[in-house]
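Residue-level structure breakdown
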Amino acid sequence: METQDLRNAGLKVTLPRIKILEILEKQQDDRHLSAEKVYKILLAEGEEIGLATVYRVLTQFEAAGLVNRHHFEGGNSIFELNSGGHHDHVVCMKCGKVDEFTDEVIEKRQSEIALRLGYTLTDHSLYLYGYCAACKPSKA
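A few points on the structure. (Residues numbered from 1 in each chain as written. Predicted model: local features only at pLDDT ≥ 70, side-chain atom pairs only at ≥ 80, totals over all residues. Heavy atoms only, no water.)

**Here we look at the overall build of the protein**
For the protein, the helix and strand inventory stands at 5 helices and 5 strands. Of the regular secondary structure in the protein, the N- to C-terminal order runs α-α-α-α-β-β-β-β-α-β. For the protein, the spread of C-alpha atoms along the three principal axes comes to 50 × 45 × 20 Å. Within the protein, buried positions represent 29% of all 140 residues. In the protein, of all internal contacts separated by at least 6 residues, the share reaching a separation of at least 24 is 47%. If you sum the accessible surface of the protein, you get close to 9,100 Å²; carbon and sulfur atoms cover 51% of it. Taking the average place of the 17 positive charges on the side chains of the protein and the average place of its 21 negative ones, the gap between the two points comes to 4 Å. (Helix = DSSP H or I, 4+ residues; strand = E, 2+ residues; numbered from the N terminus. Buried < 20%, exposed > 50% of the residue type's maximum accessible area, 1.4 Å probe, protein only. Contact = heavy atoms within 4.5 Å. Areas by Shrake-Rupley, 256 points an atom, 1.4 Å probe, with all protein chains shown as cover. Lys, Arg positive; Asp, Glu negative; His and termini not counted. Charge placed at Lys NZ, Arg CZ, Asp CG, Glu CD.)

**Re the pattern of salt bridges**
Summed over the entire model, instances satisfying the criterion amount to 8 salt bridges. As a salt-bridge pair, Glu80 and Arg31 come within 3.0 Å of each other at their nearest N and O atoms. Separated by 49 residues along the polypeptide, Glu80 in strand E2 (residues 77-81) and Arg31 in the loop between helix H2 (15-26) and helix H3 (35-44) bring together distant segments of the chain. Put simply, Arg31, Glu80 and Glu100 are held in one network by salt bridges that share partners. (Salt bridge = Lys/Arg side-chain N within 4 Å of Asp/Glu carboxyl O.)

**Description of the packing of aromatic side chains**
Evaluation of the coordinates by the stated rule reveals 1 aromatic pair. An angle of 85° between the planes, with centres 4.8 Å apart, marks the rings of Phe72 and Tyr127 as edge-to-face. Taken as a pair, Phe72 in the loop between strand E1 (67-71) and E2 and Tyr127 in strand E5 (residues 127-130) lie far apart in primary sequence, 55 residues in all. (Phe/Tyr/Trp six-rings, centres within 6.5 Å; stacked < 30°, edge-to-face > 60°.)

**Observations concerning a nonpolar patch on the surface**
Among the surface-exposed residues, Ile113, Leu117 and Tyr119 lie close enough to one another that they form a single nonpolar patch of about 320 Å² accessible area. In this structure Tyr119 comes out as exposed when scored by relative accessible area, which is 56%. (Patch = residues over 30% accessible without salt bridge, like charges linked within 9 Å, V, L, I, M, F, W, Y side chains within 5 Å.)

**Regarding the environment of Lys26**
Within the element layout of this structure, Lys26 appears in helix H2. For Lys26, a relative accessible area of 47% translates into the label partly exposed. A distance of 2.6 Å separates a polar atom in the side chain of Lys26 from a polar atom in the side chain of Glu45. (Polar contact = N/O pair within 3.5 Å; in protein donor to acceptor, adjacent residues only side chain to side chain.)

**Some details on the sheet that holds strand E4 (residues 98-101)**
Pairing between the strands of a sheet is mediated by backbone hydrogen bonds and can be parallel or antiparallel. In space, the 3 strands of this open sheet follow the order E4-E3-E5, with mixed pairing throughout. The sheet is open, and its two borders are formed by E4 and E5, each paired with just one other strand. Each adjacent strand pair in this sheet contributes to an overall mean axis angle of 25°, direction not counted. Bridging between strand E3 (residues 88-92) and E5 involves 4 bridges; their strand directions are parallel. The residue of E5 that forms the bridge with Val90 is Leu128. (Pairing = 2+ DSSP bridges. Axes fitted to C-alpha atoms, helices over the stretch in contact; angles between N-to-C directions.)

See below:
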């Protein structure tokens, strides 16, 4: 994304917005960040942007469609850049790691169920919970 994307979303280009957008774009290994994590990254980079500003900017980004907010169980809101494509999530109950996946069979089945029940789907989200390979309880 670029500063033009901010303008196109109706947002003024400000330093906090640019810095937070850059952080969201840079995160290749962990695309799902809490506001607190964004704030800690800003502090580590020497930026003087307050936590309240981070929350406000992320909420503005969400309203503008630039990010998606997720509410995973047992945690805070998590934000990720809106890539435009649909995907679902699997979340580790111990460490909070989030992985994305797509599955056409699941998508088709959800649509079939909605249709059978008389619904026209406009959106949906699927969160699976378990333990990642690093946190999986060992069998005794």
